[in-house]
Protein chains: 2
Amino acid sequence: MEFVVIGGDAAGMSAASRVRRNRPEIGVTVLEQSVDVSYSACGMPYNIADSGRAIEDLVVRPAKAFREKHGINLLTGHRVERIDPGERKVSGVSLAGKPFECSYDRLLIATGASPIVPDLPGFDLPGVMVLKSLEHGRKIKTYLKENNVRKVVILGMGYIALEMCEALHALGIEVDMVKSRPRLLPWMEEKMSDVIRKELETAGVGLHAGYPLQRIESKGRRLSVACERLTLEADMVLVAIGVNPNSQLAADAGLRLGADRVIETDRSLKTSDPNIYAAGDCADAYHVVTGKRTWVPLALRANRAGWAVADHICGQTVNLHGVAGTGVFKVFGLQVARTGLNLTQAAHAGFEPVDVTIKTRSRAHAHPGSSDLWVNITGDRKTGRLLGVQMLGREGVVGRINAAAVALHCRMSVEHFSQTDLAYAPPFGPVWDPMLTAANQLLKRL
Amino acid sequence: MEFVVIGGDAAGMSAASRVRRNRPEIGVTVLEQSVDVSYSACGMPYNIADSGRAIEDLVVRPAKAFREKHGINLLTGHRVERIDPGERKVSGVSLAGKPFECSYDRLLIATGASPIVPDLPGFDLPGVMVLKSLEHGRKIKTYLKENNVRKVVILGMGYIALEMCEALHALGIEVDMVKSRPRLLPWMEEKMSDVIRKELETAGVGLHAGYPLQRIESKGRRLSVACERLTLEADMVLVAIGVNPNSQLAADAGLRLGADRVIETDRSLKTSDPNIYAAGDCADAYHVVTGKRTWVPLALRANRAGWAVADHICGQTVNLHGVAGTGVFKVFGLQVARTGLNLTQAAHAGFEPVDVTIKTRSRAHAHPGSSDLWVNITGDRKTGRLLGVQMLGREGVVGRINAAAVALHCRMSVEHFSQTDLAYAPPFGPVWDPMLTAANQLLKRL
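Residues numbered from 1 in each chain as written. Chains lettered and ligands numbered in written order. Predicted model: local features only at pLDDT ≥ 70, side-chain atom pairs only at ≥ 80, totals over all residues.

Caption draft 1: View of the overall build of chain A. From N to C terminus, chain A includes 12 helices and 25 strands. Relative to the 2.2 N^0.38 estimate, which gives 22 Å for 446 residues, the radius of gyration of chain A is 23 Å and therefore close to what a compact globule would have. In terms of overall dimensions, chain A has C-alpha extents of about 65 × 60 × 40 Å along its principal axes. For chain A, buried positions account for 53% of its 446 residues. (Helix = DSSP H or I, 4+ residues; strand = E, 2+ residues; numbered from the N terminus. Rg over C-alpha atoms; globule rule 2.2 N^0.38 Å. Buried ≥ 20, exposed ≤ 12 C-beta atoms within 10 Å, placed from the backbone.)

Shown next, in the form of structure tokens:
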């Protein structure tokens, strides 16, 4: 059997390696358009923050190892341009300009996602950057090194934008952040996102929310970012306003796309063509709270989906449970985490949601070094079910959110969750874990 | 209705306050034998570590507040000596030597637990300490202040012993720890407890496991601890070899006791007498993994049980889900956590347990500041069920264990747990959370 993979990052390489490991008799070819495979994309902001480290430090396993140790026919610099599901063939052109063709019995589309770049003037100017692939990271690092970058404007205020803000700040670079819509982190409970806003302002970051972008212009050696009612100058601009799934190849092959043009997959990662799988940032997943399709382009999900594809190809039953939408990030001294649905998403999904936000402490009464910790929790009035949790603080946030994620996987009620035996010791939290206190408060309102 | 509570610590005061808050028409009397109520007992080692802080810093709410704000008839210095279930009366003697008597409609026994002191010579000498009540903490602080304590021998190597070892070490005091049985933390997977042993040894703590105690003797101004084959001198001795439930009062009243002489309660905290409840360290609970009675004398459980008693007295349906045996503690630079059953306990409970121990990293590939992180996970071969998790590391342990605790409450399978959408960001862990990696490894063996 021949298994062909398009895309050599998290989902693609996970699938390829696992098939080879479990069924060495299956031939595996990976077609990757860039020269980079298997790197820690999420680590890029932290690598960029350290000018002494090479971007290549993020490579988890070199291409050579996949070829020699795993026996994968890994072809970098191979851009697939067409899938022919009838003939079970893919074709494209190599970086060297040479056409190639490749037959498959099973195909995995793991083409990832691409940064959204607005169709406005000036976004193709030198010094206007995006950050998704290792090549983007390399380009940013080189640009920072070779130009005397003292000031950067970041367009967008999501995960990547915030992590890059911190990274650039660590390099002594002044940062302004701009977004079109009025709220920083609109998915977050407002009191909590205000805490993040203050943290950024305290660090000296200029925050400009509610300024629709118009264009970028070259101004001498600098760039000028023009928005409605606001113009900012910078030495570099980072566009971090979101990503789109790379699904055109799948669409051209007649595969079914869902909302946001994400490739539709079932719980064994099969697309609408029984011989073609999709996994990673280009594919959708089921949400454990709503039971409906959702798009969560995050790393764990991509790796897990890659493995699941491999297992299915190797003949195992695969029935992925789905995602809870768990995410965490760090922004200066704060840890930010969420899982499940917020109030708006829950209402939209047909629940009758109620939420509560509490502010408590990260350590026990009278224990030194304690700091504020916020929890927002959402439940369903009709069923009593736990729907989502958000958390924010200087410590104790990241691991804690996982308890709520597991509770969502188990469709736990707020009442049952409030009864859980969570860890306590004075250096690590109050006797009643902050999530339990939040659940107890929510129970009064449900 | 008259509600009488024996014992004014976590369970007792939680119950008393909640009844008053929810049903102000119920008269509430609390009879506490000491002069202290409502303090953070678990905080004592950390308070002792800081000679600049008063032990009274640990008082969460002063007696005055309970009397004046909550309208609780709080009688400190009142030692109950007898319960008469037929007459629904308790009687005893006050510190001033005055007999008292008190009638109840509903009674809560929240008498806690007492440190075990072996029946061997010399354990009543001055300078031989225990640590359970605030009075004990006060006595230790005073002793350390007034005597030039340079060396302490701690008998026992459990939570309190280890936390006190760190506290005394922080004060510049040399510590030797001794126990009769051969293993440090026998409940812990051996490779992991070895890591703790090394941490203690690196800090200069003398560890002597496998030396049965014989007696303590006075030797000039010092104490001499004699064990088989070992004699140690010290300025102070701390006996921390465990606790026994304070259940004699209940036994004398004819209430049913279970294993370890713990007061038996049902899921609404009622004892074998329908008018008498028991909660906190003197009472048992149901284990969510085994479904059987267990004794876990920890703080969260005591507080929760106190609330549950109050809710039941106020007419609500109460059906406590039980405990998972979740516990965490800090020892020097290490965080240690566990929930559920270990391999031995699981076999004893009738499961067909299999476990696996992994060593991974606390942060993502190539992220600076990463340290080792160990996970031990146990599952049942017959049912595939997750039975317990232990964890150890310098960061990221404490919150993380809670996800496993929630999974135990939900009777999750290892397979389902391995599918959960746990948080990932490079500063906080690998893409595959250490618990997921452990679960994936265990799946191969189940």
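Caption draft 2: Region of interest: the sheet that holds strand 14 (residues 222–227) of chain B. Residue and element names in this part refer to chain B. A sheet is described by the order of its strands in space; here 3 strands give the open sequence 13-14-15, paired in antiparallel fashion. Looking at the sheet topology across the chains shown, the edges are occupied by strand 13 (213–219) and strand 15 (230–234). Each strand axis lies, on average, 20 degrees off the axis of its neighbour in the sheet, ignoring direction. Two elements, strand 14 and strand 15, share 5 bridges in a ladder whose sense is antiparallel. Bridged to Val 225 within strand 15 is Leu 232. (Pairing = 2+ DSSP bridges. Axes fitted to C-alpha atoms, helices over the stretch in contact; angles between N-to-C directions.)

Caption draft 3: Quick look at the nonpolar core. Among the nonpolar cores identified, the biggest contains 300 residues, and Val 237 and Ala 279 of chain A together with Val 237 and Ala 279 of chain B are the most heavily contacted of them. Beyond its immediate chain neighbours, meaning those up to four positions away, Val 237 of chain B contacts Gly 127, Val 128, Met 129, Val 153, Leu 155, Ile 216, Leu 223 and Val 225 of chain B. (Core = buried A, V, L, I, M, F, W, Y, C linked by C-beta atoms within 7 Å. Contact = placed C-beta atoms within 7 Å.)

Caption draft 4: Quick peek at helix 10 (residues 398–409) of chain B. All names here are of chain B. Taking 1.5 Å per residue, 12 residues should reach 16 Å; helix 10 reaches 18 Å between its end C-alpha atoms and fits that length. Counting buried residues along helix 10, 12 of its 12 residues qualify, which places the element largely inside the surrounding structure. Taken residue by residue, helix 10 has Val 398, Gly 399, Arg 400, Ile 401, Asn 402, Ala 403, Ala 404, Ala 405, Val 406, Ala 407, Leu 408 and His 409 as its buried positions. Where helix 10 terminates, the next one or two residues include Arg 411, which has phi positive at roughly 50 degrees. (Expected span 1.5 Å × (residues − 1).)

Caption draft 5: Structural detail: the environment of Thr 383 of chain A. The residue Thr 383 of chain A is located in the loop between strand 24 (372–380) and strand 25 (386–393) in this model. A tally of 14 C-beta atoms within 10 Å means that Thr 383 of chain A is categorised as partly exposed.

Caption draft 6: Main features of the sheet that holds strand 15 (residues 230–234) of chain A. All names here are of chain A. The strand order across the open sheet built from 3 strands is 13-14-15, with neighbouring strands paired in antiparallel fashion. Two strands close off the open sheet at either side, each with one partner strand: strand 13 (213–219) and strand 15. Each neighbouring strand pair of the sheet contributes to a mean axis angle of 20 degrees, computed without reference to strand direction.

Caption draft 7: Summary view of the relation of the copies chain B and chain A. For the match of chain B to chain A, the screw axis carries a shift of 0.0 Å, the RMSD comes to 0.0 Å, and the turn is 180 degrees. Accordingly, the operation relating the two chain copies is best matched by a two-fold axis. A share of 100% of the interface residues of chain B reappears at the interface of chain A, consistent with the copies meeting face to face through the same patch. (Least-squares fit on C-alpha atoms with pLDDT ≥ 70 in both.)

Caption draft 8: Up close: unusual backbone geometry. Residues and elements named next belong to chain A. In this structure, Arg 229 takes a positive phi of about 65 degrees despite not being glycine. For Arg 229, a count of 9 C-beta atoms within 10 Å gives the class exposed. One non-glycine residue, Arg 261, lies in the positive phi region at around 60 degrees. Topologically, Arg 261 is positioned in the loop between helix 7 (248–252) and strand 18 (276–278).

Caption draft 9: View of the pairing of strand 22 (residues 334–340) of chain A. All names here are of chain A. Burial analysis of strand 22 places 7 of its 7 residues in the buried class, which makes it a mostly covered element. Here strand 21 (residues 327–331) pairs with strand 22 via 5 bridges, running antiparallel. By the bridge assignment for strand 22, Phe 329 is matched with Val 336. The loop that links strand 21 with its antiparallel partner strand 22 comprises 2 residues; one of these, Phe 332, has a positive phi angle of about 55 degrees. Where strand 22 and strand 25 come together, 6 bridges link them in antiparallel fashion.

Caption draft 10: Seen up close, the pairing of strand 14 (residues 222–227) of chain A. Residue and element names in this part refer to chain A. Taken together, the 6 bridges between strand 13 and strand 14 define a ladder with antiparallel strand orientation. Following the sheet pairing, Lys 219 is matched in strand 14 by Arg 222. Counting the residues between successive antiparallel strands, the hairpin from strand 14 to strand 15 contains 2 residues, one of them, Arg 229, with a positive phi of roughly 65 degrees.

Caption draft 11: Main features of the packing of helix 1 (residues 10–22) of chain A against helix 8 (residues 299–313) of chain A. Residues and elements named next belong to chain A. Where helix 1 meets helix 8, the closest approach of the two axes is 7 Å, and the angle between their N-to-C directions is 35 degrees. The way helix 1 lies across helix 8 gives a crossing that is right-handed. Listed contacts from helix 8 to Ala 10, Ala 11, Gly 12, Ser 14, Ala 15, Arg 18, Val 19 and Asn 22 of helix 1 are Ala 299, Ala 302, Asn 303, Ala 305, Gly 306, Trp 307, Val 309, Ala 310 and Ile 313. In terms of residue class, the contact of helix 1 with helix 8 is built from 11 nonpolar, 5 polar and 1 charged. (Left-handed = near helix turned anticlockwise from the far one by under 90°. Nonpolar A, V, L, I, M, F, W, Y, C, P; charged D, E, K, R; others polar.)

Caption draft 12: Main features of the packing of helix 10 (residues 398–409) of chain A against helix 10 of chain B. Packing of helix 10 of chain A against helix 10 of chain B leaves a shortest axis separation of 6 Å and a crossing angle of 15 degrees. Judged by the angle between their axes, helix 10 of chain A and helix 10 of chain B are roughly parallel. Relative to helix 10 of chain B, helix 10 of chain A is oriented so that their crossing is right-handed. In this structure, helix 10 of chain A contributes Val 398, Gly 399, Arg 400, Asn 402, Ala 403, Ala 405, Val 406 and Ala 407 of chain A to the contact, and helix 10 of chain B contributes Val 398, Gly 399, Arg 400, Asn 402, Ala 403, Ala 405, Val 406 and Ala 407 of chain B. A breakdown of the residues in the contact of helix 10 of chain A with helix 10 of chain B according to their chemical character gives 10 nonpolar, 4 polar and 2 charged. (Parallel < 35°, antiparallel > 145°, perpendicular 65-115°, else oblique.)

Caption draft 13: Quick look at helix 5 (residues 159–170) of chain B. All names here are of chain B. Here helix 5 spans 17 Å end to end across 12 residues, near enough to the 16 Å set by a 1.5 Å rise per residue. The buried fraction of helix 5 is high, at 10 of 12 residues. Among all positions of helix 5, only Tyr 159, Ile 160, Ala 161, Leu 162, Glu 163, Met 164, Cys 165, Glu 166, Ala 167 and Leu 168 are buried. Against helix 2 (44–48), strand 10 (151–155), strand 11 (174–179), strand 16 (236–239) and strand 21 (327–331) lie the buried residues of helix 5. Among the residues trailing helix 5, Gly 172 stands out with phi positive, at a value near 80 degrees.

Caption draft 14: View of the environment of Arg 61 of chain B. Residues and elements named next belong to chain B. Assignment of secondary structure puts Arg 61 in the loop between helix 2 and helix 3 (63–68). The exposure class assigned to Arg 61 is partly exposed, which follows from the 15 C-beta atoms found within 10 Å. Arg 61 sits 124 residues away from Leu 185 along the chain, and the two C-alpha atoms are 34 Å apart.

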